[in-house]
Amino acid sequence: MEKSIYASLSSIGAYIPSKVITNDDLAKIVDTSDDWIIKRTGIKERRFADASEATSDLATKAAKLALARAGLEPSDIDAVIVATISPDYFCMPSTACVVAHNLGIVGKPAFDIAAACSGFIYLLFLAKSLIESRAHKNILIIGAEKLSSIIDMQDRSTCVLFGDGAGAAVISQTNDKNLSILDVNCASNGEYQDFLMTPGCGVRNPVSTEVLKERLQFIKMKGNETFKLAVKTLTQDVIEILEKNNIDKDSIDFFVPHQANFRIISAVGDALRFPKEKIALTVQKYGNTSAASIPMAINALYEEGRIKQGSKLLLDAFGGGLTWGSAILTFNGR
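These remarks concern the structure in this document. Computed from a predicted structure; not experimentally measured.

Each value, and the rule that gives it
Residues numbered from 1 in each chain as written. Predicted model: local features only at pLDDT ≥ 70, side-chain atom pairs only at ≥ 80, totals over all residues. Heavy atoms only, no water. Helix = DSSP H or I, 4+ residues; strand = E, 2+ residues; numbered from the N terminus. Rg over C-alpha atoms; globule rule 2.2 N^0.38 Å. Buried < 20%, exposed > 50% of the residue type's maximum accessible area, 1.4 Å probe, protein only. Contact = heavy atoms within 4.5 Å. Expected span 1.5 Å × (residues − 1). Pairing = 2+ DSSP bridges. Axes fitted to C-alpha atoms, helices over the stretch in contact; angles between N-to-C directions.

What follows covers the overall build of the chain. For the chain, the count of helices and strands is 11 helices and 13 strands. Relative to a compact globule of 334 residues, whose C-alpha radius of gyration would be 20 Å, the chain shows 19 Å and is just as compact. Along the first, second and third principal axes, the C-alpha atoms of the chain reach 65 × 45 × 35 Å. Buried residues in the chain amount to 55% of all 334 residues. In the chain, once contacts between residues fewer than 6 apart in sequence are set aside, the share between residues at least 24 apart is 77%.

Structure below.
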């Protein structure tokens, strides 16, 4: 009888740019202050990549660490999928193709997805499906962003929120259901697309002098509306995935939410009654890194020695689109 095949998160890695941008640094550029930013977001600093670094460079460095921790060579990888809203190039090639080339992976599928801050959850959904269908054995998934290139440094409501970074994971086959990605939920609702978007430079608003003058090439956000909907949606999504899988929240070792805003994380954590020591928190030092946020937070837990093989994680994200998603998995890294 053929053994059951499950997908597992077998390694994690991240790349954090070295350049630290503090709130005081931003206060020299826009009308803001350290106190204003901390009270509204909980963010104290964020990282900006060097001008010479592209999103693919950040992704490649995170991927190399994830591969090393998995004990795999690039030739062992069957597909590379990157989630990003700040790709190297507008249309083509995909950032994943560039990353695969950087790693020496040839002749394998490589493609990008755009699900904003929910990107890593969507990657898990795709990788789990490909592994459990027996199409592939090892898939490299990467959330990577150079958001410093697409934020408006004249808009204090958004420029204080975002940072750069990358997080990568290897998703591999396992026969042990207890060490697998148990469930992934992904959803969207385009009705609220204008809550968080980059309105310019696509085919709806092609590049033009007027588009650039109106600064439509940068991220635009309706902050209050997004905050309210995010808290409601994230809370309900977690309740649903726990109930669907008949899992008590007390059995979760760490709740790893998207690191968008400390107030959102606190509101969702309080609504779900998660102990503060079980909530992963990196937003204060990295800001919102969109698709890279969750894998960077998992990597921080790993490097701090707080998770190990067998740790059960609950992931939850909400992003532009609007998109959202959650996942329950047991970490299978060494």
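Let's pick the thread back up.
Looking now at unusual backbone geometry. Residue P93 follows M92 across a cis peptide bond; omega there is 0 degrees. Here P93 shows up in the loop between β4 (79-83) and α4 (95-103). Between G321 and L322 the backbone carries a cis peptide bond, its omega angle lying at -5 degrees. The residue L322 is located in the loop between β12 (312-319) and β13 (323-330) in this model.

Let us now look at helix α8 (residues 223-244). Since one α-helical turn is 3.6 residues long, residues separated by three or four positions face the same way. With 22 residues, α8 should cover 32 Å at 1.5 Å per step; its first-to-last C-alpha distance of 31 Å lies within 8% of that length. On its buried face, α8 sits against β8 (181-188), β10 (220-221), β11 (254-257), α9 (262-272), β12 and β13. N246 sits one or two residues past α8 and shows a positive phi near 55 degrees.

To continue, consider the sheet that holds strand β1 (residues 6-15). Strand order in this open sheet of 5 strands is β1-β7-β6-β4-β5, and the pairing throughout is mixed. Among the strands making up the open sheet, the edge pair consists of β1 and β5 (110-113). Averaged over neighbouring strand pairs, the angle between their axes works out to 20 degrees when direction is ignored. Strand direction decides the pairing type here: β4 and strand β6 (residues 138-146), joined by 5 bridges, are parallel. Bridged to V82 within β6 is I142.

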